[in-house]
Amino acid sequence: MSKYDVVVCGGGIVGLSCALALARQRVNVCLLGPRKKPMANLGEQYHPRVYAISSASQLFLQELGVWSSIPAERIVPVESMEIHGDRDGMVVLDAWQAAQAELAWIMESGEIEQALFQAVQIFGVPWIDDKMQSYSPGQVVTEKGKTVQADLFIGADGARSPLRKAAALAHEAKPYGDTGLVLQLTTEKPHLNTAIQWFRPNGILAFLPLPDTRDGHQVSMVWSLRDEQAKVLQAMDPEQLAIELPRKLDEITQGRLGKVSVRSPLYGFPLTLEKAKMTAPGIALVGDAAHRVHPLAGQGLNLGLVDARVLCHILAQKEPFRSFGDLRVLERYQTERAEAILAMRLATDGLHKLFASPSSGPLAFLRNAGMDVVQRLPFVKQRLIAAASGL
Ligand SMILES: Cc1cc2nc3c(=O)[nH]c(=O)nc-3n(C[C@H](O)[C@H](O)[C@H](O)COP(=O)(O)OP(=O)(O)OC[C@H]3O[C@@H](n4cnc5c(N)ncnc54)[C@H](O)[C@@H]3O)c2cc1C
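Since the structure is predicted, the reported quantities are computational estimates derived from the model, not experimental observations. (Residues numbered from 1 in each chain as written. Predicted model: local features only at pLDDT ≥ 70, side-chain atom pairs only at ≥ 80, totals over all residues. Heavy atoms only, no water.)

## A few points about the domain arrangement of the chain
Turning to step 1, where the next piece is worked out: When cut into domains, the chain gives domain 1 (2-76 + 105-174 + 272-356) and domain 2 (177-270 + 360-389).
Turning to step 2, where the next piece is worked out: On a C-alpha basis, the centroid separation for the pair domain 1 and domain 2 is 28 Å.
Turning to step 3, where the next piece is worked out: On the side of domain 2, 29 residues touch domain 1, which itself brings 22 residues to the contact.
Turning to step 4, where the next piece is worked out: Between domain 1 and domain 2, a total of about 2400 Å² is buried, with carbon and sulfur atoms accounting for 60% of that surface.
Turning to step 5, where the next piece is worked out: For domain 1, the biggest contributors to the area lost against domain 2 are Glu44, Tyr46 and Phe355; these three give 30% of the whole.
Turning to step 6, where the next piece is worked out: Remark: the boundary between domain 1 and domain 2 carries zero salt bridges. (Domains from an automatic or database assignment. Contact = heavy atoms within 4.5 Å. Buried area = accessible area lost by both parts, 1.4 Å probe. Salt bridge = Lys/Arg side-chain N within 4 Å of Asp/Glu carboxyl O.)

## Description of the site of the ligand
Turning to step 1, where the next piece is worked out: In the vicinity of the ligand lie 29 residues, with Arg49, Asp288, Gly298, Leu301 and Asn302 positioned nearest.
Turning to step 2, where the next piece is worked out: Here an oxygen atom of the ligand and a side-chain polar atom of Arg49 are 2.4 Å apart.
Turning to step 3, where the next piece is worked out: In the complex, 85% of the free accessible area of the ligand, which totals 1000 Å², lies under the protein chains.
Turning to step 4, where the next piece is worked out: Every element with two or more residues in the shell around the ligand is listed here: helix 1 (13-24), strand 3 (50-53), strand 17 (267-276) and helix 7 (300-316).
Turning to step 5, where the next piece is worked out: Here the residues of the shell around the ligand are counted per class, giving 15 nonpolar, ten polar and four charged. (Near = heavy atom within 4 Å. Polar contact = N/O pair within 3.5 Å; in protein donor to acceptor, adjacent residues only side chain to side chain. Areas by Shrake-Rupley, 256 points an atom, 1.4 Å probe, with all protein chains shown as cover. Helix = DSSP H or I, 4+ residues; strand = E, 2+ residues; numbered from the N terminus. Nonpolar A, V, L, I, M, F, W, Y, C, P; charged D, E, K, R; others polar.)

## Looking at the pattern of salt bridges
Turning to step 1, where the next piece is worked out: Applying the stated rule across the entire model yields 15 salt bridges.
Turning to step 2, where the next piece is worked out: For Glu319, the salt bridge goes to Arg332, with nearest N and O atoms at 2.9 Å. On the criterion of sequence distance, the pair formed by Glu319 in the loop between helix 7 and helix 8 (327-356) and Arg332 in helix 8 is long-range, its members being 13 residues apart.
Turning to step 3, where the next piece is worked out: On the basis of relative accessibility, which here comes to 32%, the residue Arg332 falls in the partly exposed class.
Turning to step 4, where the next piece is worked out: One continuous salt-bridge network, built from bridges that share partners, spans Glu319, Arg322, Asp326 and Arg332. (Buried < 20%, exposed > 50% of the residue type's maximum accessible area, 1.4 Å probe, protein only.)

## Some remarks on the packing of helix 1 against helix 7
Turning to step 1, where the next piece is worked out: Where helix 1 meets helix 7, the axes come as close as 9 Å, and the angle between the chain directions of the two elements is 20°. With respect to helix 7, the axis of helix 1 lies roughly parallel. Note on packing geometry: the crossing formed by helix 1 with helix 7 is right-handed. Where helix 1 abuts helix 7, its residues Ile13, Val14, Ser17, Cys18, Ala21 and Leu22 lie against Leu301, Gly304, Leu305, Ala308, Cys312 and Leu315.
Turning to step 2, where the next piece is worked out: For the contact of helix 1 with helix 7, the per-class residue count stands at ten nonpolar, two polar and no charged. (Axes fitted to C-alpha atoms, helices over the stretch in contact; angles between N-to-C directions. Parallel < 35°, antiparallel > 145°, perpendicular 65-115°, else oblique. Left-handed = near helix turned anticlockwise from the far one by under 90°.)

## Description of the pairing of strand 6 (residues 90-94)
Turning to step 1, where the next piece is worked out: Most of strand 6 is tucked away: four of the five residues are buried.
Turning to step 2, where the next piece is worked out: Strand direction decides the pairing type here: strand 5 (residues 80-84) and strand 6, joined by five bridges, are antiparallel. Each residue of the ladder has a partner; that of Met81, found in strand 6, is Leu93.
Turning to step 3, where the next piece is worked out: If you look at the hairpin formed by strand 5 and strand 6, you'll find five residues sitting between the two strands. (Pairing = 2+ DSSP bridges.)

## Some thoughts on the side chain of Glu111
Turning to step 1, where the next piece is worked out: Within the element layout of this structure, Glu111 appears in helix 3 (residues 109-122).
Turning to step 2, where the next piece is worked out: Looking at Glu111, the relative accessible area reads 2%, which means it is buried.
Turning to step 3, where the next piece is worked out: A polar contact is formed between the side chain of Glu111 and the side chain of Arg74, at a distance of 3.3 Å.
Turning to step 4, where the next piece is worked out: Setting aside anything within four residues of it in sequence, one finds Glu111 in contact with Met39, Ala40, Asn41, Leu42, Ile70, Pro71 and Arg74.

## Let's talk about the packing of aromatic side chains
Turning to step 1, where the next piece is worked out: Summed over the entire model, instances satisfying the criterion amount to four aromatic pairs.
Turning to step 2, where the next piece is worked out: With a centroid separation of 5.5 Å and an interplanar angle of 75°, the aromatic rings of Trp67 and Trp105 are classed as edge-to-face. Of this pair, Trp67 sits in the loop between helix 2 (55-63) and strand 4 (76-78) while Trp105 sits in strand 7 (residues 104-108), and the two are 38 residues apart along the sequence. Accessibility assignment for this pair places Trp67 and Trp105 in one class, buried.
Turning to step 3, where the next piece is worked out: Ring geometry for Trp198 against Phe207: centres 5.1 Å apart, planes inclined by 75°, an arrangement best described as edge-to-face. Summarising the burial analysis for this pair, Trp198 and Phe207 share the class buried.
Turning to step 4, where the next piece is worked out: The ring of Phe324 has Lys318 sitting right over it, with the charged end atom 4.6 Å from the ring centre. (Phe/Tyr/Trp six-rings, centres within 6.5 Å; stacked < 30°, edge-to-face > 60°. Lys NZ or Arg CZ within 6 Å of the ring centre and 35° of its normal.)

## A short note on the environment of Arg160
Turning to step 1, where the next piece is worked out: Relative to the helices and strands, Arg160 resides in the loop between strand 11 (147-155) and helix 4 (162-166).
Turning to step 2, where the next piece is worked out: With 104 residues separating them in the primary sequence, Arg160 and Ala56 have C-alpha atoms 26 Å apart.

Structure follows, in structure tokens:
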């Protein structure tokens, strides 16, 4: 039987960050989860999962000492965002309007995982390559039958969080009935470090800038689409998809980046709005285990990284007579995160609802007129940029 101060269940980006932050604070921490070597340094291929990393997340990765290990040639700074409504409404946010060099950074999941994976090894964080199976206060038993004890178990085990379920923490989930489709495209025109998004009643399409390849300019497509329509695309064979997808995208983008062609397989993720009680004696949830939002603002991972930073900071500040699993300490974490998580939930869900209504009628007029008003108000734009930065 092993005993630690803290066990982090889950070796995704949020779990790795938590374990690394605690190891840097000299906490006796252990990782528990499947130990998969990250898919990184893929050359001309790009990892299917691509993230828009906010300034707050970038600062945290810098504090952890891993930002500089992510290869600079695989990171694209977003200098501008272009958001199109379903009529003529449009908002353009430029980094310079908020006196910033960039609004966010686009990078592959595998590159962040690789940097964190190496760092937890360098810090000698013990890693039990197994899965949490059952929980009772103060201990878990893994699938391979190992008993692990700790004062605090951090659930960083994703949206289905086996730890959350085993500890019976309250949880609500609402399926959007949308699937997030992702793949990479080659584009005829350069993206000029601009992230472009189109809101349509049946879905939200985003082109995120990626590094150029030998085939030409490259973007990552993130298209949240009604499940029925997504299934049609997912059922296509690669040859059919290569013809049909560019045609459908062209109808929406009106050739904004010229001719586009498919350069990777298509992946789909079911989209849900979820929230859980984030703490109980001896337990704290972080990342998707604690909350899930619509990816239209690209903020899910960013929320999880800030959870990790705040939780580790609060644990570092705890009174010496309190244990890591003391509910008084953990409630400080829940209180500090509540407002930002609620705000992101309301903003993303509200925008989704606003654009999910029919493309004619007063609401359609208002949402597009609203975008035009925002476009003319520099002060409002600065507030939007600050919110997206998470600072
Ligand atoms: C289409 C789409 C696009 C997105 N784009 C963005 C974006 O641009 N920016 C952004 O910030 N966010 C984005 N998100 C959200 C982001 O993907 C998630 O918020 C993020 O991946 C959550 O990370 P996590 O570490 O909490 O969970 P996960 O990445 O799900 O990691 C969970 C870990 O737990 C492990 N695990 C599972 N079961 C057990 C067990 N029993 N015991 C131990 N370990 C276990 C798993 O193996 C895994 O390693 C997007 C989401 C979607 C669907």
